[in-house]
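Analysis of the macromolecular model
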Protein chains: 2
Amino acid sequence: MANIQQVAKQAGVSVATVSRVLNGQNSVSTKTKTKVEEAIKTLNYEPSILGRNLRNSESRILLVLIPNLSNPFYLEIIKGIENMALSQGYNILLCETDSNPEKENIYFDLVRKKMADGIISMDPAVNVETLKQLAETYPIIQCSEYGGGIGIPYVTINSEEASYRAVKHLIQIGHQKIALINSDEKFLYARERKMGYQRALQENTISLNKDYMIYTSELSFEHGQQAMRKILALADRPTAVFAVSDMLAIGALKEINASSLHVPNDIAVVGFDKIDFSNMTNPTLTTVAQPMYKMGTIAADMLIGKIKGEKVDNIILEHELVIRGSTSG
Amino acid sequence: MANIQQVAKQAGVSVATVSRVLNGQNSVSTKTKTKVEEAIKTLNYEPSILGRNLRNSESRILLVLIPNLSNPFYLEIIKGIENMALSQGYNILLCETDSNPEKENIYFDLVRKKMADGIISMDPAVNVETLKQLAETYPIIQCSEYGGGIGIPYVTINSEEASYRAVKHLIQIGHQKIALINSDEKFLYARERKMGYQRALQENTISLNKDYMIYTSELSFEHGQQAMRKILALADRPTAVFAVSDMLAIGALKEINASSLHVPNDIAVVGFDKIDFSNMTNPTLTTVAQPMYKMGTIAADMLIGKIKGEKVDNIILEHELVIRGSTSG
DNA sequence: CTGAAAGCGCTAACAG
DNA sequence: CTGTTAGCGCTTTCAG
């Protein structure tokens, strides 16, 4: 529990010199450096980050806002963020908002109060107005989900194109009656994925069927089941389903299995994200792979750049359709 | 970006008074209090946690050590920790160690350097010696996995008993040839769960078959598959499998399905943890439910207690066998 | 190459 | 009820 003063005393130098040794400045003679290092060792000294932070007006903490921890999609991103952050001397504060504005505000306060140096927002339900206002003062990056035109840099994929390719794949293997399990259209990604879905259908002169578009309030297994139940109850049952999240798709898959229909023979299923569990289902899930880990590292890098005052640009990452058992028997 | 001095000036009072208002001390007259609050508003002042932390020699951050984010088991615990921490004014720093001593040490440094006030360790592979030594100086709690007899408080379940009940269930529904997919016996929970397995067998005069005990180096889906592959290759194939983690069990399930055997008719499967995904498989997984969320809240509460200097006791929580499709057709 | 001293923003002891 | 003042532990000018 020694502090820098005691080290200085022990080494017979000033606190400034100790600080210089601590920070690896080369303007210290080898002799005094050794003296200081010995003092540090004998006193078992550990520099307090608290003091340093106050002095430097930084916390070296990155706030990561996610709607919920239960969707593995976010976990891969978080791993990317964490590793990049760590490699640059930052730590991350994970904040599960439950898409609850109140909780969100608690976390926003952390950056206002200097407990965090910046924010990576992955919450589609975030209050865009607040975020925009906050971004005028503090470094903020949007990851995966984003509000366009609000001047906050983002890293994401091309959702419209990804969705288009997924549906096109279904059409190519012979499907005409394709249902869409989407999320609420207040989210940009939901609107974009719907557009991709529509474009694929139009291009193949398949008319849009309102009954085939189901909306869910959450990207969860249970909501996927519910949506699938509605679809199975339709008089003119679709032969394929595209869900905008693997969690929904896995729920749908389970529901189809439970009704003794066969995937993909009776109904083909495509998901989105390529979470680990998409490979553990029976059959395995065809899905659109997002480079989640990479997205995380880039988001962290962008944020740290912004903290340092650099100019950062939006980034669109590649995606890839992974064809597995749920569309090819 | 105003500081407390500017607020004091604006309000025409001293910084001490502003601080008192900030901290809700009632020794301030209503009149001055209003003055201060107005000044805060006009200056858009936000008190810096950095200054407060240094002054109070605390960071109000809890370190949470987990081996990896991919196992949903930990996520539920983390949710519990986070909510309890939040309600008491703490935030959590999530640290994925990958059971890597180096990474672990980076994180340990955070508490040595006062960036964190205490640690909740959930990593079974943690270096017990380091942990023990650290615990002499800093508040530490063990959650779920623990080293006994090293004087660090823990919250966990009775693994031996839980395992015993799981295997007993298999015996009761008629199984005699029961395999165990266990994790490395360097972990206490692995030894305890093996003991429970053995006790159940002995009690029913079923002799132990070494071939039926498979060890894995990780609690992952892939390792579950691998283990099951070995089991399926046995000349005298078991009719039931008990895996010490749902992740392993889900891997095993997938492998059995892939070999066109039927669960539970050909082989019954029991898992451990009751993660969300254990209900999404086909068939659903019989498993031992751990009160993960509760365990998290308790761990956080214990740690905060310890930070405050209270004496805290070990806690053993209840578990429950949840019987589902994988053992009852 | 090294030291003295100021100060990051806050809290709390003490005095009045 | 309020103000003065001393620091929490560190970094960084500015002198020398």
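What counts and what doesn't
Residues numbered from 1 in each chain as written. Chains lettered and ligands numbered in written order. Predicted model: local features only at pLDDT ≥ 70, side-chain atom pairs only at ≥ 80, totals over all residues. Heavy atoms only, no water. Pairing = 2+ DSSP bridges. Helix = DSSP H or I, 4+ residues; strand = E, 2+ residues; numbered from the N terminus. Axes fitted to C-alpha atoms, helices over the stretch in contact; angles between N-to-C directions. Contact = heavy atoms within 4.5 Å. UniProt positions renumbered as here; feature names shortened; annotations may be inferred. Near = heavy atom within 4 Å. Polar contact = N/O pair within 3.5 Å; in protein donor to acceptor, adjacent residues only side chain to side chain. Parallel < 35°, antiparallel > 145°, perpendicular 65-115°, else oblique. Left-handed = near helix turned anticlockwise from the far one by under 90°. Nonpolar A, V, L, I, M, F, W, Y, C, P; charged D, E, K, R; others polar. Least-squares fit on C-alpha atoms with pLDDT ≥ 70 in both. Salt bridge = Lys/Arg side-chain N within 4 Å of Asp/Glu carboxyl O.

Looking up chain A in an unreviewed UniProt entry gives the name LacI family DNA-binding transcriptional regulator, with the organism given as Planococcus shenhongbingii.

Turning our eyes to something else, we now look at the sheet that holds strand S12 (residues 320-322) of chain B. Within a sheet, adjacent strands bond to each other through the backbone by hydrogen bonds, running parallel or antiparallel. Residues and elements named next belong to chain B. Reading across the sheet, the six strands line up as S7-S6-S8-S9-S10-S12 and stay open at both edges, with mixed pairing between neighbours. At either margin of the open sheet sits one strand with a lone partner, and together these are strand S7 (213-216) and S12. Across the sheet, the mean angle separating the axes of adjacent strands is 20° when strand polarity is ignored. Note that strand S9 (residues 268-273) and strand S10 (residues 286-289) share four bridges and pair parallel. Bridged to Phe272 within S10 is Val288. On top of the sheet, helix H9 (residues 188-203) reaches strand S6 (178-183), S7 and S9; it is set at about 165° to S6, its chief contact.

The subject of this paragraph is the UniProt feature "domain: HTH cro/C1-type" (unreviewed entry) in chain A. The feature "domain: HTH cro/C1-type" (unreviewed entry), as given by UniProt, occupies residues 5-50 of chain A in the numbering adopted here. Along residues 5-50 of chain A, the helical share is 67% and the strand share 0%, with 15 Å between the first and last C-alpha atoms.

The full set close to DNA strand C counts 25 residues, and A:Thr17, B:Ile4, B:Tyr45, B:Ser48 and B:Arg55 are the nearest of them. Those atoms of DNA strand C that come within 4 Å of the protein belong to sugar or phosphate at a rate of 61%. A distance of 2.5 Å separates a phosphate oxygen of DNA strand C from a polar backbone atom of B:Ile4. Counting residues per element, the ones that place at least two in the surface near DNA strand C are helix H2 (15-22) and helix H4 (49-56) of chain A together with helix H2 (15-22) and helix H4 (49-56) of chain B.

Let us now look at the sheet that holds strand S8 (residues 240-243) of chain A. Residue and element names in this part refer to chain A. Read from one edge of the open sheet, six strands run S7-S6-S8-S9-S10-S12, paired in mixed fashion. Of all the strands in the sheet, the pair left with one neighbour each is strand S7 (213-216) and strand S12 (320-322). Ignoring which end each strand starts from, the neighbouring axes of this sheet average 20° apart.

A few words on the packing of helix H5 (residues 72-87) of chain B against helix H12 (residues 292-307) of chain B. All names here are of chain B. Where H5 contacts H12, the two axes come as close as 7 Å, and the packing angle between them is 45°. Classed by the angle they form, the pair H5 and H12 counts as oblique. Judged by the twist between their axes, the crossing of H5 over H12 is right-handed. Every residue of H12 that contacts H5 at Phe73, Glu76, Ile77, Lys79, Gly80, Ile81, Asn83, Met84 and Ala85 is listed here: Met292, Tyr293, Met295, Gly296, Thr297, Ala300, Asp301 and Ile304. For the contact of H5 with H12, the per-class residue count stands at 10 nonpolar, four polar and three charged.

This part takes up the relation of the copies chain B and chain A. Aligned on chain A, chain B shows an RMSD of 0.1 Å; the corresponding rotation is 180° and the shift along the axis is 0.0 Å. Look at the turn and shift together and you get a two-fold axis relating the two. Residue B:Leu93, judged by its C-alpha, is the member of chain B lying nearest the rotation axis, at 2.7 Å. The share of interface residues of chain B whose copies in chain A are also at the interface is 100%, consistent with both copies meeting through the same surface.

Where interface size is quoted, it is often the accessible area lost as the parts come together. The interface of chain B with chain A comprises 49 residues on the first partner and 49 residues on the second. At the boundary of chain B with chain A, the tally comes to four salt bridges. With its nearest N and O atoms 3.8 Å apart, the salt bridge here joins B:Glu96 to A:Lys79. If you look at where chain B meets chain A, you find 12 residue pairs in polar contact (both at pLDDT 80 or more). Breaking the side of chain B that touches chain A down by element, the ones donating at least two residues are H4, H5, strand S2 (91-96), helix H6 (101-112) and helix H11 (246-258) of chain B. Here the element with the most residues in the side of chain B that touches chain A is H5(B); it accounts for seven residues. Taken together, the residues that form the side of chain B that touches chain A break down as 24 nonpolar, 14 polar and 11 charged.

With respect to the helices, strands and loops of the structure, A:Gln225 is situated in helix H10 (residues 221-232). Here A:Gln225 is in contact with A:Gly251, A:Ala252, A:Lys254 and A:Glu255, once residues within four sequence places are set aside.

Turning our eyes to something else, we now look at the protein's contact with DNA strand D. Around DNA strand D there are 25 residues in total, and A:Ile4, A:Tyr45, A:Ser48, A:Arg55 and B:Thr32 lie nearest to it. Atoms of DNA strand D within 4 Å of the protein: sugar and phosphate make up 59%, bases the balance. A distance of 2.5 Å is found between a phosphate oxygen of DNA strand D and a backbone nitrogen or oxygen belonging to A:Ile4. One of the side-chain nitrogen or oxygen atoms of A:Arg52 is found 2.8 Å away from a phosphate oxygen of DNA strand D. Secondary structure elements with two or more residues in the surface near DNA strand D: H2 and H4 of chain A together with H2 and H4 of chain B. Residues belonging to the surface near DNA strand D are distributed by class as follows: nine nonpolar, 12 polar and four charged.

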